[in-house]
Amino acid sequence: MAHTKMHANKNAQHAKKYAPYFARTGLFAAISMVSAIAVAQDTNSENSNPMEEVTVTGMRAALDKALDVKQNSNFVMDALSLEDINSTPAITIAEALVRMPGVSGVRDRGNESQAAIRGMGPRMVFSTLNGRELATSEPGRAVRYEQFPSEMISAVEVYKSQSADLTEGGIAGTINLKTLSPLNHSGPTYTVRAGLQYNDAGADLPNYDALGNRFSLSTVQSITDEFAIAVGCSAQTQKNAYASFQGWGMNNDATWQPALADGPAELDGDGTRGYVPWGAALELKGLTTEREGLIFTAEWAPSDDLSVKYDSLYTDVGLFEETPSNWYQGLGNWDGGQNGSYRDIELEGDYAAAATAVGIAEVRHVIAKYRQESSSISHGINVKYDGYENLQISADINYSHAERDGYWNAIWFDQYGQTIRYDFREGSEGVSAPDGGNVLTPTADGALTFPSWGPEEWNQANANEGNHLEDTMLGGNVDFKLAVDAGHLVGVDFGIRHAGREKENSPTSFVMTDPEQATAMDRLPEGFFTTYEVTEFPSTPLVYAESYDALAEAFYGGVDYSQAELRNGDYWLVEEVNNAAYVKLNFEGELAGFAYNANVGVRHAKASIDSTGYPGGGDTLQSVSNDYSHTLPSATINVDIHDDMVVRLSAARAISRPPVDEMRAGEFINLTTGAANGSAGNPYLEPYVSDQIDISYEWYFASESLFAATLFYKDISNYVGIETIGTFQDENDPERSFTISGPVNGDGGYVKGVEFTFQMPFNFLPVEGFGVYSNLALADSNVMEFTPINNPYTMAGLADYTATADLWYSNNRFDARLGYKATSDYTTGFTWNGAELNTIAPEASLGLSMSYTFTDNISARVQAWNLTNEPARLTRDNNNASLMRYDDYGRGYMADVTFTF
């Protein structure tokens, strides 16, 4: 009794300490209730009747399968099976991934995208497909998991501890996506799925159909007992229209504006001082996302000693946006000359988070189109041979290629000297104008009612910017597993790996001209323009055209992409070669009466980098070379302290290689008046290094049930961040200096935290089939980013808490899952430039998935996500008053039918 009371007191102390986290996530009451039930079940187990054996199916079987993988692993890890992915409200694999313990993500265009693990962002997360590193269409190394339709992946493994035989690169963790092994498949031969998807935010958009669709077909065929193939295809058209309000940062940089060196400028003539935004924007994204996927696997096992497996996966993601926008320019009090132009100012510290700018705003009505196509293909062949006594040999050769083409085209018209009110305050985001302002009536009878650019300046009224990125990887490894009989030593694993990578970024731009500028507006058909009122938050009307293409055809005879020229300053090419070798000793036996298994190993990794670019944006290519190597020891012990209890202890040194784009050569200097700055890469970057330890306790206290608690600590050095690396003077203004920023290695620090997982069926209820899956992760760190200098961000990815609580029902052919996910605010890289950091506000979302199996061959499923219509709010400069973007994504719904036979 005293032992129980002591633990009760400790639990009370922990509950008091972490109550704010639980209260904010809404999980405190639920976890307390479930924990009490579990304790009661355990206390009364000796007096209860033995439970009958129950065969579980559907979602319940999926959760049980994931437990088996976790329990039988020699790592601290978590897993998802195909059925678990399908039962989660998820249109791509990304939505399922972020429901795992300690995993968080940031939404891009309404979909979960890149992943952070244990408070460490995508820069320290390593991603593999069937154990192989992936080429990626991102500028760094991070993988956008929304490229993978959920039908293409059969399982997900998240490794949080290290081992010598794991490919180096994941200080935070390694996410391994797995595809089907046809010889091990015991399910249906054919699977066909078809359905519809709907986004309620796009219901009222002109010329936009908010209804999407999805289709998939797969087959597994056993050609002979030794040879089988799996083939699948998937196609989706997803609609994700949404409204977005954005800020362009505050004018608080005295290097740009020397007049602000002594602090914020006076704004209203009455002594009110504050920093104001450079500008703001309102966008309406008429977005269509098309995803296609193809998968093929062939597996041959002619004998018990030999197996050969070839697998390939192809994905293609196309984004198509028609985007009418309003750009509210000229808001910045550049040199104090606009003193007296601001009214009704709402200050947050020194920042004018809301104000009315009187008669100084230039409202630019932008009609734009953005299209992007990202594709990736991965091939791999693996051969395993067990014909030698006590020795297994495995050889793997793999190739992956990814590329991304994007183009943004825009034509705009201006209204000068307008009065607008912006509001960046949380909960009040939006922009408005006083009654009677002509910005409220930009069109009449389908024609523009305000002056456009004059003929002599017409060639400045458009912009066309493109980018082509290509990433190619070729690699291979050979692994040996030698079984030995030397007491507790039962095996020796060793192997080598080689991988070469080439990544190239080629940006272009051009401006169109019209020889008949004076008559351009006259060539538009009557009623060409309309207006659209955004209802999600305060706004001024958007000018909506039939389409960007129709406008470009009328003004310029279409878009001539042959005019595009390379932007030398932003071009880069990085070539990287990675070599590694490892050895690992495996042990099994008993210690003090407890069964255990353990391993001790070391991995040595070496990298060589050649980086090429145009220094200063000039015309001469230059290359820089660098190399580094690291020795990475690791050790893990897993102890079965009871038939249903496992304790795992792991210690290791790990590295994460710097993002590829941050190792680019050269620098780019932008000398635009009033906005001059520079950016550079750094080919001499060293990888992040972490000495880390994990301690995990797992209690499988009943069938389909788990309580797990994991403590982790990481001591990170060589942290990569952005800081000022040089300055230069404005030749036209000697008093003004400008900065060049770039990535450097700097100090690190610790990352520590705890993860809890709890899942169980509610067998104590009179109604069978209910259960819970939940997890909570708490993280803390003293690692800071290097910017802003006077108020730096916390480490990218560091979420104080992430939590998931799913209530499920699985019985009598019916499955249902109500899923809640909450994440604290954290620093993230949301833009194309991963080094450009911002803060994402806390988010909590609710999703629902239900399915019913009508017969052994036919089932139907409905899903809904973001039921609470949670917006995404991001801010700049570690300052809540400096809004970056506020996106209202709306709710999404999907229904589909699956046929198996």
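As shown above, the structure is provided for reference.
Residues numbered from 1 in each chain as written. Predicted model: local features only at pLDDT ≥ 70, side-chain atom pairs only at ≥ 80, totals over all residues. Heavy atoms only, no water.

Q: Help me out: how do you make sense of empty space enclosed by the protein in this one?
A: Gaps left between atoms are located by rolling a probe of water-molecule size over the structure's atoms. A full pass over the atoms with the stated rule returns twelve cavities of 30 Å³ or more. Each pocket or cavity is described by its volume, and for the largest cavity that value is around 490 Å³. Lining of the largest cavity is provided by 36 residues; of these, E95, R107, E112, S845 and N866 occupy positions nearest its centre. Broken down by element, the residue count for the lining of the largest cavity peaks at five residues, all from strand β41 (residues 843-853). Here the residues of the lining of the largest cavity sort into eleven nonpolar, 17 polar and eight charged. (1 Å grid on protein atoms, 1.4 Å probe; cavity = no way out; pocket = protein on both sides within 12 Å on 5 of 7 lines; lining within 4 Å. Points joined across faces, edges and corners; volume = space filled by probe spheres on them. Helix = DSSP H or I, 4+ residues; strand = E, 2+ residues; numbered from the N terminus. Nonpolar A, V, L, I, M, F, W, Y, C, P; charged D, E, K, R; others polar.)

Q: What am I meant to see in the environment of T631 here?
A: Considering the arrangement of structural elements, one finds T631 in strand β27 (residues 622-642). Measuring from C-alpha to C-alpha, the distance between T631 and R653 comes to 8.2 Å, with 22 residues separating the pair along the chain. For T631, the side chain forms a polar contact with the side chain of H604, separated by 3.0 Å. (Polar contact = N/O pair within 3.5 Å; in protein donor to acceptor, adjacent residues only side chain to side chain.)

Q: Honestly, the environment of A581 in this entry has me stumped. Any pointers?
A: With respect to the helices and strands, A581 occurs in strand β25 (residues 572-591). Here A581 falls in the partly exposed class, since its relative accessible area comes to 34%. The spacing of A581 and I496 is 85 residues in sequence and 4.3 Å in space, taken between C-alpha atoms. Among residues more than four places away in sequence, those in contact with A581 are G495, I496, V602, R603 and H604. (Buried < 20%, exposed > 50% of the residue type's maximum accessible area, 1.4 Å probe, protein only. Contact = heavy atoms within 4.5 Å.)

Q: Looking at this structure, I do not really get unusual backbone geometry. What am I missing?
A: Most peptide bonds take the trans form, and the phi angle of most residues other than glycine is negative. Omega for the peptide link from T787 to P788 comes to -20 degrees, which places this bond in the cis form. As for its placement among the helices and strands, P788 is situated in the loop between β36 (770-781) and β37 (801-811). We note that D344 has phi near 50 degrees; this positive angle belongs to a residue other than glycine. Position of D344 among the secondary structure elements: in strand β14 (residues 342-348). Here N812, not a glycine, exhibits a phi torsion of approximately 50 degrees, which is positive. As for its position among the elements, N812 is in the loop between β37 and β38 (814-823). Residue N812 is classed as exposed on the basis of its relative accessible area of 61%.

Q: Looking at this structure, how should I read the pattern of salt bridges?
A: Once the charged atoms of two side chains with opposite charge are near each other, the side chains can pair. Across all of its chains, the model carries 43 salt bridges by this definition. R141 is paired through a salt bridge with E576; the nearest N and O atoms lie 2.7 Å apart. Here R141 is found in the loop between β5 (132-133) and β6 (155-159), whereas its partner E576 is found in strand β25, with 435 residues between them in sequence. Summarising the burial analysis for this pair, R141 and E576 share the class buried. As a salt-bridge pair, R861 and D896 come within 2.6 Å of each other at their nearest N and O atoms. You can see R861 sitting in strand β42 (residues 858-865) and its partner D896 sitting in strand β45 (residues 892-900), a full 35 residues away along the chain. For the pair formed by R861 and D896, the shared burial category is buried. Overlapping salt bridges bring together E133, E168, D471, R497, R501, K503, R603 and R657 as one network. (Salt bridge = Lys/Arg side-chain N within 4 Å of Asp/Glu carboxyl O.)

Q: How should I be thinking about the side chain of R817 in this particular structure?
A: Following the sequence through the fold, R817 ends up in strand β38. Since its relative accessible area comes to 2%, R817 is described here as buried. Looking at R817, its side chain comes within polar contact range of the side chain of D806, at 2.9 Å.

Q: Just to check I follow, could you spell out the sheet that holds β6 for this structure?
A: Sheet strands line up and pair through hydrogen bonds in the backbone, either parallel or antiparallel. The five strands are arranged β1-β6-β7-β4-β5 in an open sheet whose pairing can be described as mixed. Sheet topology places β1 (77-81) and β5 at the edges, where each strand pairs with a single neighbour. Pairing of strand β4 (residues 125-129) with strand β7 (residues 173-178) involves five bridges; the strand directions are parallel. In the sheet register, S127 faces β7, and the bridge partner there is I175. (Pairing = 2+ DSSP bridges.)

Q: Even after reading the chapter, I still don't get the nonpolar core, so can you show me in this structure?
A: Soluble globular proteins tend to pack their nonpolar side chains together in the buried interior. L97, M124, Y145, V156, I175 and Y719 are the most contacted members of the largest nonpolar core, which has 53 residues in total. For this core, the element with the highest residue contribution is helix α5 (residues 93-97), accounting for four residues. Counting 39 residues, the second largest nonpolar core, distinct from the first, contains Y275, A280, A352 and A361. (Core = buried A, V, L, I, M, F, W, Y, C linked by side-chain atoms within 4.5 Å.)

Q: Help me understand a negative patch on the surface in this model?
A: Taken together, the side chains of E290, E292, E373 and D405 make up a negatively charged region of the molecular surface. With respect to the helices, strands and loops of the structure, E373 is situated in strand β15 (residues 351-388). (Patch = residues over 30% accessible without salt bridge, like charges linked within 9 Å, V, L, I, M, F, W, Y side chains within 5 Å. Areas by Shrake-Rupley, 256 points an atom, 1.4 Å probe, with all protein chains shown as cover. Lys, Arg positive; Asp, Glu negative; His and termini not counted. Charge placed at Lys NZ, Arg CZ, Asp CG, Glu CD.)

Q: Mind showing me how you'd approach the packing of aromatic side chains here?
A: Two aromatic rings are characterised by how far apart their centres lie and by the angle between their planes. Tallying each qualifying case throughout the model produces 32 aromatic pairs. Over the face of the ring belonging to Y208 we find K239, whose NZ or CZ atom lies 4.8 Å from the ring centre. (Phe/Tyr/Trp six-rings, centres within 6.5 Å; stacked < 30°, edge-to-face > 60°. Lys NZ or Arg CZ within 6 Å of the ring centre and 35° of its normal.)

Q: I tried to follow helix α6 (residues 548-556) on my own but got confused; where do I start?
A: Since there are 3.6 residues in each turn of an α-helix, residues three or four apart along the chain are aligned in direction. Of all the positions in α6, only Y548, L551, A552, A554, F555 and Y556 are classed as buried. Along the axis of α6, the buried positions cluster into a sector of 165 degrees, meaning they face one direction only. Considering only its buried residues, α6 is in contact with β13 (306-329), β15, β16 (391-423), β20 (462-486) and β22 (529-532). Directly after α6, the chain includes G557, whose backbone phi takes a positive value near 70 degrees. (Arc of directions from axis to C-beta.)

Q: Can you help me understand the pairing of β7 in this one?
A: Side chains on a regular strand alternate between the two faces of the sheet. Most of β7 sits inside the fold, with five of its six residues counted as buried. The pairing of β6 with β7 spans five bridges and is classified as antiparallel. Within β7, the residue paired with V156 across the bridge is L177.

Q: Mind showing me how you'd approach the pairing of strand β44 (residues 883-888) here?
A: Here β44 lies mainly inside the structure; six of its six residues are buried. Taken together, the four bridges between strand β11 (residues 242-247) and β44 define a ladder with antiparallel strand orientation. When the bridges of β44 are listed, F245 appears paired with Y886. In this sheet, β44 lies alongside strand β43 (residues 872-875) in antiparallel orientation, the contact comprising four bridges. Its bridge partner being in β44, R873 is matched across the sheet by Y886.

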